[in-house]
Amino acid sequence: MPPLVIPIFISHQGCPQRCIFCDQHTITGHTGLEDQSVTPVTVAETVEHWLGRPRKESNGGVQVAFYGGSFTGLSMQRQRELLGAVQPYIADGLVDSVRISTRPDYIDAAAIRTLKEYSVSIVELGIQSLDQDVLEASARGHSVLQSEDAVRLLKEKGFTVGVQIMCGLPRDSASKLKATAKKIAELAPDFVRIYPVLVIKGSGLEKMYRDTAYKPLSLSRAIALSCRMKTYFDRHGIRVVRMGLQPSKELEDKVLAGPYHPAFGELVISRALFKKSRKVLRGTTGGGEKRLSIAAADESAFRGPDNVSMKRLAALGLLNGVKLVFDKEQPRNTVSVY
C-alpha cells in the first residue's frame, strides 16, 4: 500500500543549471516567490495540515517529500533547517520517512552523511539520459559517469533510489534510449519515472522549436518509446512509478508543443497491454472458445480511448471465438489466455 505523501515544493532551488527543457516553476505549478517562502515554519505547517486531513488508515505510512529542486544543492544550513523541521514528527512516529530529489553531481559523501542524519530514505536522481551527447545538448551540466556513480553510492549506503529519464531530448534517438534503458537496468535502481519532453514557454527549447532547430516527438511516438522502456524495466524487475508529467492548469497553459496528454501514463499502459494481448492470442492454438483474461484494475487502461485496443485486436482477426474477462484476482499488467 502506498504511503501518504506530504509534498513540500522547493521549485528550482539548489539547481545550478538551466536545462534546455526546463521551466521548473511551470512544471511544479509554484512560482519562485512562493518557493522563497518555504521555511522550517511552513514545512511544519504543511505537515500539520496533511496529518490533520481525514484519511483512511494506511499501512504505507507517511512520507514527507521535497519536490521540484536539487535538494543537496542547497546550502548545508538550509538543508538542515528544512529536514530538521520534519524530525519532531519522525520522533513522535507521525512521519515514517523523508524523500528528496536532486542532481547526480550533487551526491557525495558529505551529502549522504547529512541525508542519513535526518532520516532521508529515498533519493530520486534527475538522470534524464545516459548518453553524454544528449546530456550536453540538453545543458544538463553533469556527466554519465556522475550519474552512474551517484546511483551506485546511494545503493551502497542503503537508500531507496529512483531515477528520472526523458524521451525526446535534443540529439536523442530510439537507439540511444534503448542504450540508456539498458544501462539503467544494470544499475538496478528501485524505481523509474519516464517523462516525454515538452516544449514549455520560457524554456531553452522554446527558441529552438520556434527556429525549427528542435522537433518534439509526436504523442504516438512518445507513447511507443515509453512503452518500450517500461516493458524493458518490467522485464528486469524495476518499477515504473510514473510516465508523463503531473497534469495541471499551469502546465497546460504553457505547453507550446510536444506529446502532452493528461493521461499519458494510461495510454502507455494501454499500448503495453495491447501488445501483450496480441502476442498471447497469436501464440494460442486449438479450437473452441478462448478467454482473454485481464486484471480488473487494468480494464480502463486496456480498453483505451474509444475502446481502441479491442478494435485493433478485432481488426487483426484475433478476437474470433475469444471472450474477454476481467479478473479481480489477476495481477496488474498481466495478460493470459485459457
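See the structure above.
Residues numbered from 1 in each chain as written. Predicted model: local features only at pLDDT ≥ 70, side-chain atom pairs only at ≥ 80, totals over all residues. Heavy atoms only, no water.

Draft legend 1. View of the pairing of strand S4 (residues 120-128). Burial runs high along S4: eight of the nine residues are buried. Two elements, strand S3 (residues 97-102) and S4, share five bridges in a ladder whose sense is parallel. Its bridge partner being in S4, Ile100 is matched across the sheet by Val123. Bridging between S4 and strand S5 (residues 160-167) involves six bridges; their strand directions are parallel. Its bridge partner lying in S5, Glu124 is registered against Gly162. (Buried < 20%, exposed > 50% of the residue type's maximum accessible area, 1.4 Å probe, protein only. Helix = DSSP H or I, 4+ residues; strand = E, 2+ residues; numbered from the N terminus. Pairing = 2+ DSSP bridges.)

Draft legend 2. Highlighting the environment of Phe191. Position of Phe191 relative to the elements: it lies in strand S6 (residues 191-196). In this structure Phe191 touches Arg99, Ile122, Glu124, Thr160, Val161, Gly162, Val163, Ile238, Arg239 and Val241, once residues within four positions along its chain are discounted. (Contact = heavy atoms within 4.5 Å.)

Draft legend 3. Here's a closer look at the sheet that holds strand S11 (residues 322-327). Pairing is mixed in the open sheet, where three strands are placed in the order S11-S10-S12. In this open sheet, the two strands that pair with only one neighbour each are S11 and strand S12 (335-337). Neighbouring strand axes in the sheet, compared pairwise and without regard to direction, differ in orientation by 20° on average. Summarising the sheet, strand S10 (residues 290-295) and S11 pair through six bridges and their orientation is parallel. Its bridge partner being in S11, Ser293 is matched across the sheet by Val325. (Axes fitted to C-alpha atoms, helices over the stretch in contact; angles between N-to-C directions.)

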